[in-house]
Amino acid sequence: MRPFHYSLGPGQFRVILAILVVFSHMSDFEIGRPAVFVFFMLSGYWVLRMYEQKYRPTAPAWVFYLSRFMRIWLAFATAFLATFLILALTPLAKPTEMLWGLPLLGIATTKRDVLGTSWSLDIELQFYLLVPVISLVLVWMGQSLSRLMVLAMGVAGLTILGWGLQLSFGLWTLMSYLPAFIIGTLIWHWRLQGTGRSAAIGVTAFLAVGALVAMIPYLRPLLSREIEGPFHEDWFGMAWVTLLVPFVIWNLGQKSGPLDMHLGNYSYALYITHWPIIALMRAVLRPVTLPEALLILVMIAVVSVVFYLTVDRGWESARRKLISRLSSPDAVSG
């Protein structure tokens, strides 16, 4: 098997993941949620790295919390309110109770979401709250194999508890998706380095398992957004994307220039703006033909790019200026 001989920047990879979410929402193929689980891995890596390198040495924890909340919430709140107001002018208008979703934290449980993708942002925020604790746990673990086993058992126990709360009481917590985040934090903690060959093997295994599942009638519903599977599709999705860990490790080691960084940041704008466009256009154009589907994709591209260049970059500039006043300059760029 030939290794990768080209570079795929981390920002490019994040855009690809966001595009897979869009593709999933435009089709019946359930690749969107596995893509989100890879986002969780990447978040585990980047946010812990950011905290340990830029915030922990120079700023109190509340500055880190404020910075991360603003990074997620400002663009989210703008998209949320804009979508609510636009939908209010259509037959798809949402009840005013949906505005209680604006605080974001807890929206995965309450389902008061007009963007269609905010559940994962809620889980992200919950992870941010635990980052300082996770950092301390990893310092305690060090390179000890026995302590790693204790951590693994603890994560397994919390994951089981999280799914118990979710399935029995409808309470969505970080615990259900903790393994994906922890994988990312361990990649940073151990400073893992990947190779093109290991990345290629991981991608090949991922595609092979996907093809195998698609060929088995009993398991095929796990790849469908519309058909209930033999067990929870998120369990399969989280296990499936672990095959991509070698690729994720390799990708995180690739160089990222200014354009690649913009692409990575743009992926968030694409993620939070695409679903309202799909929902609204489907209601107008139903049934959606291939040319109309292409029109929807063009609209998504235009709206998401405009949103990124105006709203997201504007709020990001304001966030950086505020955080710079609250902490040392070294903590500003995260």
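In what follows, the structure referred to is the one given above.
Colleague: What should I look at first to understand the environment of Trp140 in this one?
Modeller: Inspection of the secondary structure assignment puts Trp140 in helix 5 (residues 118-141). Looking at Trp140, the relative accessible area reads 40%, which means it is partly exposed.

Colleague: Help me understand the packing of helix 5 against helix 6 (residues 145-169), please; the structure alone is not making it clear to me.
Modeller: For any two helices packed against each other, one specifies the crossing angle of their axes together with the interaxial distance. Close contact between helix 5 and helix 6 brings their axes to 9 Å; oriented N to C, the two are set at 145°. Two secondary-structure elements touch here, helix 5 through Val137, Leu138, Trp140 and Met141 and helix 6 through Arg147, Leu148, Val150 and Leu151. Partitioning the contact of helix 5 with helix 6 into residue classes produces 7 nonpolar, no polar and 1 charged.

Colleague: What exactly am I supposed to notice about the pattern of salt bridges here?
Modeller: Two side chains with opposite charge may pair up if their charged atoms get near one another. Counted under the stated rule, the structure contains 8 salt bridges. Between Asp234 and Arg33 there is a salt bridge whose closest N-O contact spans 2.7 Å. Here Asp234, found in helix 9 (residues 233-241), pairs with Arg33, found in helix 2 (residues 32-55); they are 201 residues apart in sequence, far enough to count as distant. For Asp234, a relative accessible area of 0% gives the class buried. Where Arg71 meets Glu316, a salt bridge forms, and the shortest distance between an N and an O atom there is 3.6 Å. One end of the pair, Arg71, is in helix 3 (residues 61-87); the other, Glu316, is in helix 12 (residues 290-326), and 245 residues separate them in sequence. Across the pair, exposure class does not vary: Arg71 and Glu316 are buried alike. A cluster of three or more residues bridged by salt bridges with shared partners is formed by Arg71, Asp312, Arg313, Glu316, Arg319 and Arg320.

Conventions used here
Along each chain, residues carry numbers from 1 onward, in the same order as the chain's sequence is written. Per-residue local features are limited, in this predicted model, to residues with pLDDT of at least 70; the limit for side-chain atom pairs, both in listing and counting, is 80 or more; totals at the level of whole chains, interfaces and linings are taken over all residues. Excluding hydrogens and water, the side-chain figures rest on all heavy atoms present in the structure. Numbering of helices and strands runs from the N terminus; a helix is a DSSP stretch of H or I covering at least four residues, while a strand is a stretch of E covering at least two. Accessible area is worked out with a 1.4 Å probe on protein chains only. A residue is then buried under 20% of its type maximum, exposed over 50%, and partly exposed in between. Axis definition: a line fitted to C-alpha atoms, limited for helices to the stretch in contact. Angles are taken between N-to-C directions and run from 0 to 180 degrees. The criterion used for residue contact is that any of the two residues' heavy atoms lie within 4.5 Å. Any residue that is not Ala, Val, Leu, Ile, Met, Phe, Trp, Tyr, Cys, Pro, Asp, Glu, Lys or Arg is counted as polar, Gly included; the first ten are nonpolar and the last four charged. Criterion for a salt bridge: a side-chain nitrogen of Lys or Arg within 4 Å of a carboxyl oxygen of Asp or Glu.

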